[in-house]
Amino acid sequence: MLHPDDRCLLSEQVLPPHGYAFTDALICTYSLDLTALGGVPLALLQSDPLALGDAAGARLEALRAVREMATRLSVFCQAGAIHVPSEWRDAFLWLEASVVQVRPAATRAVFHPKLWLLRFANQAGAVHYRLLVLSRNLTYDRSWDVIARLEGPVIDRQNAIRAKTPLVQFVEALGEEAAVPAVGGLAEAHRGRRDRFARELRTVRFDAQDEQVKDWAFWPLGIPGHQYPLAQLFDGRRSPFQAWSEGAQRAGRRMLVVSPFLSGGIVDMLSASGFPVSLISRDDALDEQHERLPDDWFPEEGTSVHSFRQELSLEGAPLSGLHAKLWVADDGWDAHLWVGSANATEAAFTRNVEFLLQLSGARSKMGIDALLGDNGLAPLTTPYLRPSHAPDEALLTLKRQQEALDWLLNALVTEERLSARIVPTGESVWALTLAVETASPLQVECLPVRWMARPSSVPWSRVGSIDEVGPACRCADLALHELTEFWTLALEVPGTELRAETTVRLRAQGDWPTFTARESATLSRHLRDADSLALYLEFMLAGDDEALRQRLRRQRQQGQGDGRRGATPLRPLFETLLQALAERPEALAEVVELVESSRESGLMQDSAFRALWATFREAQARLLPA
């Protein structure tokens, strides 16, 4: 357990059990990368676009996967913590329906859990759940993280399994105004999924599928009924560590804390606890707290404090930096391990919304010595040396100001001080405008702050400013495929290095074109010729049937070979359409709507394709009369 070479890919953790198919998922993350989210549907469909061998095919497969799966996902993330995409992707259109921005009810708090609930079902109607508790957000971060997994079936019983109650309460809190309110409200589709998951989770019989794990418990933090004052974390009163801390003064009891972030309050609590403590963190976090680290953590014969080797990259593991959060406690012959999102900070236990999974087992397998040994974390750490010089005051000031700017950005989003409008400005063109509602000019520590905003689908060069009823950023002449609910919002202090930016999902008020029109405009950008349409047809018609997909692909490739020998290049497309008409006519309605709503595409400008399409539509009308 926790061997550096015992690594897994998140894409492997979402594969369905044998005989089951994925239905939908509920995901919680602090920060969110839209490109990483776009990879989730590909993982769920077990699809590798690069295996197609060409860039156009890969883009079409990615679009198909996101389009098919996005409405099956409810992704709860901290409002104001969506990464600004390095490159805009057309697939982000469908992710609008997946993203739910939330905020904790407490002030200066964040929604910080990293939890996945995946639901599967078989043909007989049996339902199976998988719970993933991670320390990693839904991003492409390359730090070292940890993941724990439980899964099991929904069983037929009337009364809830008591051990599941904290997990159910956590799920029920998502989107609720008194617990974890959703910015802009919770859509009915997400509310319905949340409620169904909460109802079914009451009777899931989870299994760790690991003989080392003898028991487990769920510990949500920061929601009603699960808020723990700092003073009672280790004194035997109710907290995630309650059962262990009641006997923590007995011989053989000690604790290991692995956390990339530290705060003085937690360090002081651990120092005064009376039980032996080992600590692993990052150099910068330890340096900030080094004066509070007690001397007895640095005995002459060794040290209880280690720093994570920041740029370590083992062979086959291009990872660096620490992001894992672990609390490990020896308890006689037993040991407990808490894994999840909670750092060793006051915010984690007193304000933030977090989630921990407690695993219990034999100390020889899960205890501190086992985790710190050569087969555990030892190769990744080095003894910490306290700094010999005073901190750079200028850097501390800059860090404090940057943190203030980050919190200002957070407030603009979570307090819903942003408003947006959409207006048509011509034939098939629109303008999007965003304004910030503020009673006075923005400032941090008496420094003036300038804000900017743009639709995330266009560069900054496309944005102008207006000052009608207040300052606003306006982007005009937007084509249909450029319309989006995702905005990039940036704050900066002129003349300094201080800058903060985020992506926000904010639906503009006004006259939107239909989603079908936006979808068709986006897809038509990629269906520029007969071969790309034939390829997209393969994806749509085959669905999860890999054998059918391979057969359609062979037929298309054979048709392309005939084309090189002089046959019409439209032949493989025509054959695919006819096969679909014979085998899956119900799937053609969407294809017909897509093609005929894209009259301005390059494909519909091809006279040969228009003739083929007319022939196909005539055949369809004869074989499938209305």
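Up top you'll find the structure we're talking about.
So, here is what we can say about the structure in this document.

Parameters at a glance
Residues numbered from 1 in each chain as written. Predicted model: local features only at pLDDT ≥ 70, side-chain atom pairs only at ≥ 80, totals over all residues. Heavy atoms only, no water. Axes fitted to C-alpha atoms, helices over the stretch in contact; angles between N-to-C directions. Helix = DSSP H or I, 4+ residues; strand = E, 2+ residues; numbered from the N terminus. Left-handed = near helix turned anticlockwise from the far one by under 90°. Contact = heavy atoms within 4.5 Å. Nonpolar A, V, L, I, M, F, W, Y, C, P; charged D, E, K, R; others polar. Buried < 20%, exposed > 50% of the residue type's maximum accessible area, 1.4 Å probe, protein only. Polar contact = N/O pair within 3.5 Å; in protein donor to acceptor, adjacent residues only side chain to side chain. Phe/Tyr/Trp six-rings, centres within 6.5 Å; stacked < 30°, edge-to-face > 60°. Lys NZ or Arg CZ within 6 Å of the ring centre and 35° of its normal. Core = buried A, V, L, I, M, F, W, Y, C linked by side-chain atoms within 4.5 Å. Pairing = 2+ DSSP bridges.

## Re the packing of helix 18 (residues 588-596) against helix 19 (residues 607-623)
Thought 1: Running from N to C, helix 18 and helix 19 cross one another at 145°; their axes reach a closest spacing of 13 Å. When you trace helix 18 past helix 19, the crossing you get is left-handed. When helix 18 is examined against helix 19, the residues Leu588, Val592, Val595 and Glu596 are found in contact with a partner set consisting of Phe609, Trp613, Phe616, Arg617 and Gln620.
Thought 2: Residue composition of the contact of helix 18 with helix 19, by class: six nonpolar, one polar and two charged.

## With respect to the side chain of glutamate 61
Thought 1: With respect to the helices and strands, the residue glutamate 61 is situated in helix 3 (residues 55-69).
Thought 2: We classify glutamate 61 as buried; its relative accessible area is 2%.

## So, the side chain of glutamate 492
Thought 1: Mapped onto the elements of the fold, glutamate 492 is located in strand 24 (residues 486-492).
Thought 2: Residue class for glutamate 492 comes out buried when judged on its relative accessible area of 15%.
Thought 3: Within the structure, the side chain of glutamate 492 is placed 3.0 Å from the side chain of arginine 499, a separation counted as a polar contact.

## Details of the packing of aromatic side chains
Thought 1: Evaluated as defined, the whole model comprises 17 aromatic pairs.
Thought 2: An angle of 65° between the planes, with centres 6.4 Å apart, marks the rings of tryptophan 219 and tyrosine 228 as edge-to-face.
Thought 3: Residue tyrosine 228 is classed as buried on the basis of its relative accessible area, which comes to 3%.
Thought 4: With a centroid separation of 5.4 Å and 90° between ring planes, the pair formed by tryptophan 327 and phenylalanine 349 is classed as edge-to-face. Residue tryptophan 327 is located in strand 13 (residues 326-331), and its partner phenylalanine 349 is located in helix 10 (residues 346-350); the two are separated by 22 residues in the primary sequence. For the residue pair tryptophan 327 and phenylalanine 349, the accessibility class agrees, reading buried in each case.
Thought 5: Connected via pairs of aromatic rings, a cluster forms that spans Phe234, Phe241, Trp244, Phe275, Trp327, Trp338 and Phe349.
Thought 6: The ring of phenylalanine 298 carries the charged tip of arginine 386 above its face, separated from the ring centre by 4.1 Å.
Thought 7: For arginine 454, the ring lying beneath its charged end belongs to tryptophan 460, and the centroid distance is 4.9 Å.

## Observations concerning the nonpolar core
Thought 1: In this structure, Leu32, Leu37, Trp116, Leu118, Leu138 and Leu573 are the most contacted members of the largest nonpolar core, which totals 58 residues.
Thought 2: Element by element, the count of residues in this core is highest for helix 2 (residues 34-44), at seven residues.
Thought 3: The residues contacting leucine 32, other than those within four sequence positions of it, are Leu37, Val75, Cys77, Ala81, Ile82, His83, Val99, Leu138 and Thr139.
Thought 4: Counting residues in hydrophobic clusters, the runner-up holds 55 residues, among them Val204, Phe308, Phe355 and Ile368.

## Here we look at the sheet that holds strand 25 (residues 499-505)
Pairing between the strands of a sheet is mediated by backbone hydrogen bonds and can be parallel or antiparallel.
Thought 1: Pairing in this open sheet of three strands is antiparallel, and the strands run 21-24-25 from one edge to the other. Every interior strand has two partners, whereas the edge strands, strand 21 (450-455) and strand 25, have only one. Strand-to-strand twist in this sheet, taken as the mean axis angle between neighbours without regard to direction, amounts to 20°.
Thought 2: Where strand 24 meets strand 25, seven bridges bridge the pair, whose relative direction is antiparallel. Paired with leucine 489 across the bridge in strand 25 is threonine 502.

## Observations regarding the sheet that holds strand 10 (residues 254-258)
Thought 1: Read across the sheet, eight strands follow the order 9-15-14-13-10-11-12-16 without closing on themselves; strand pairing throughout is mixed. Strand pairing shows two members of the sheet lacking a second neighbour, strand 9 (213-221) and strand 16 (381-383), which therefore form its edges. Pairwise comparison of adjacent strand axes, ignoring direction, gives a mean angle of 20° for this sheet.
Thought 2: Pairing between strand 10 and strand 11 (residues 277-281): four bridges, direction parallel.

## With respect to unusual backbone geometry
Leaving glycine aside, a negative phi is the common case for residues, and trans is the common case for peptide bonds.
Thought 1: One non-glycine residue, glutamine 209, adopts positive backbone phi at about 55°.
Thought 2: Mapped onto the fold, glutamine 209 is located in the loop between helix 6 (188-201) and strand 9.
Thought 3: Located in the positive-phi region is glutamate 445, a residue other than glycine, with phi close to 50°.
Thought 4: In this structure, glutamate 445 sits in the loop between strand 19 (443-444) and strand 20 (447-448).
Thought 5: Exposure remark for glutamate 445: the relative accessible area of 37% places this residue in the partly exposed category.

## Focus: the environment of glycine 510
Thought 1: Mapping glycine 510 onto the fold places it in strand 26 (residues 509-510).
Thought 2: On a C-alpha basis, the gap between glycine 510 and alanine 420 in space is 8.8 Å, while along the polypeptide they are 90 residues apart.
Thought 3: In contact with glycine 510, not counting residues within four places along its chain, are Arg421 and Ile422.

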